[in-house]
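As a plain string of letters, each chain reads:
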Amino acid sequence: EEQSRNASSSALEEVCFCTEIEGEEVINVKSVLPEDIETKISDVTLASYSADGSLTDARYYESGFSSMRLYVQEGSGSNIYAVVNMGDMTDAFPEEEESVQDMVYDVGSYQTVGTLGFPMSGSLTGFTLSESPGVVKVERLFSKLCVRILHKSLSGYDPSSVYSYN
């Protein structure tokens, strides 16, 4: 399934992108989570910004991660952003690129990470059509979960709080 939010302009070109997990070959898992959880990709939201910093396109993918398509501005370099395992974030991308750094994501619960995979993000700056297809390298947004367990609630094993550290 693909959902899109894009600006209409005759100066746009649709280009193929994929994501690649930065440092994937050196990940060592010591966790009660499934072995592949740190490299699992459940969904991807891509967004492109033109050289003047305005949003060109934002699309959400739940499959087909090796051939995702996105509109980019012809001519000068575009900046491409990817967020992974966070659900549909197309509406969260601001109209102006300078506000991208202010985006916030709430993990929600430990079960969300165990099901969807670790939240990841990455960017590709100055992308031009001659570089097509584009590869956006993403990395995990946190690397450690600390879980506090109250002994009296062990029967159902519901963590009382979950913290993430970077």
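Refer to the preceding data block for the structure.
Starting from 1, residues in each chain are numbered consecutively following that chain's sequence as written. With the structure being a predicted model, the display of local features is reserved for residues of pLDDT at least 70 and the display and counting of side-chain atom pairs for 80 or more, all residues being used for whole-chain, interface and lining totals. Excluded from the side-chain calculations are hydrogens and water; all other atoms, namely the structure's heavy atoms, are used.

### Comments concerning the packing of aromatic side chains
Only the six-membered ring of Trp is used, alongside the rings of Phe and Tyr, when aromatic pairs are assigned; centres must lie within 6.5 Å, and planes under 30 degrees apart are stacked while those over 60 apart are edge-to-face, with the rest tilted. The final tally for this structure, using the stated rule, is one aromatic pair. Ring centres of Tyr-49 and Tyr-81 lie 5.7 Å apart, and the angle between their planes is 85°; on these two criteria the pair is classed as edge-to-face. With Tyr-49 in strand E3 (residues 44-49) and Tyr-81 in strand E6 (residues 78-84), this pair connects stretches of sequence that are 32 residues apart. Residues Tyr-49 and Tyr-81 agree in their burial class; the two are buried. Lysine and arginine charges are scored as sitting over a ring when NZ or CZ, respectively, is within 6 Å of the ring centre and within 35 degrees of the ring normal. Positioned over the ring face of Phe-118 is Arg-140, at 5.7 Å from the centre of the ring. Only runs of H or I of at least four residues qualify as helices and only runs of E of at least two qualify as strands under DSSP, and these elements are numbered from the N terminus. The buried label goes to any residue with under 20% of its type's maximum accessible area, the exposed label to any with over 50%, and the partly exposed label to all in between, with areas taken from a 1.4 Å probe on protein chains only.

### Overview of the nonpolar core
Buried Ala, Val, Leu, Ile, Met, Phe, Trp, Tyr and Cys residues form a nonpolar core when they are joined through side-chain atoms within 4.5 Å. Counting 18 residues, the largest nonpolar core has Phe-17, Leu-46, Ile-80, Phe-127, Val-136 and Val-138 as its most contacted members. Listing elements by their share of this core, those giving two or more residues are strand E2 (12-21), E3, strand E5 (68-73), E6, strand E7 (120-127) and strand E8 (134-140). By the convention used here, residues are in contact when the closest approach between their heavy atoms is within 4.5 Å. The contact partners of Phe-127, leaving out residues within four places of it in the chain, are Val-15, Phe-17, Val-72, Ser-76, Gly-77, Ser-78, Ile-80, Ser-132 and Gly-134. Among the nonpolar cores identified, the runner-up in size contains 10 residues, and Tyr-49, Leu-55, Tyr-81 and Val-100 belong to it.

### Examining unusual backbone geometry
For Asn-85, which is not a glycine, the phi torsion comes out positive at approximately 65°. Inspection of the secondary structure assignment puts Asn-85 in the loop between E6 and helix H1 (110-116). Exposure remark for Asn-85: the relative accessible area of 0% places this residue in the buried category.

### Notes on the side chain of Thr-56
Relative to the helices and strands, Thr-56 resides in strand E4 (residues 55-61). Here a polar contact is recorded for every N or O atom pair within 3.5 Å, except that within protein the pair must consist of a potential hydrogen donor and a potential acceptor, and residues adjacent in sequence are included only if both atoms are side-chain atoms. Among the polar contacts listed, one links the side chain of Thr-56 to the backbone nitrogen of Ser-50, at a separation of 3.3 Å.

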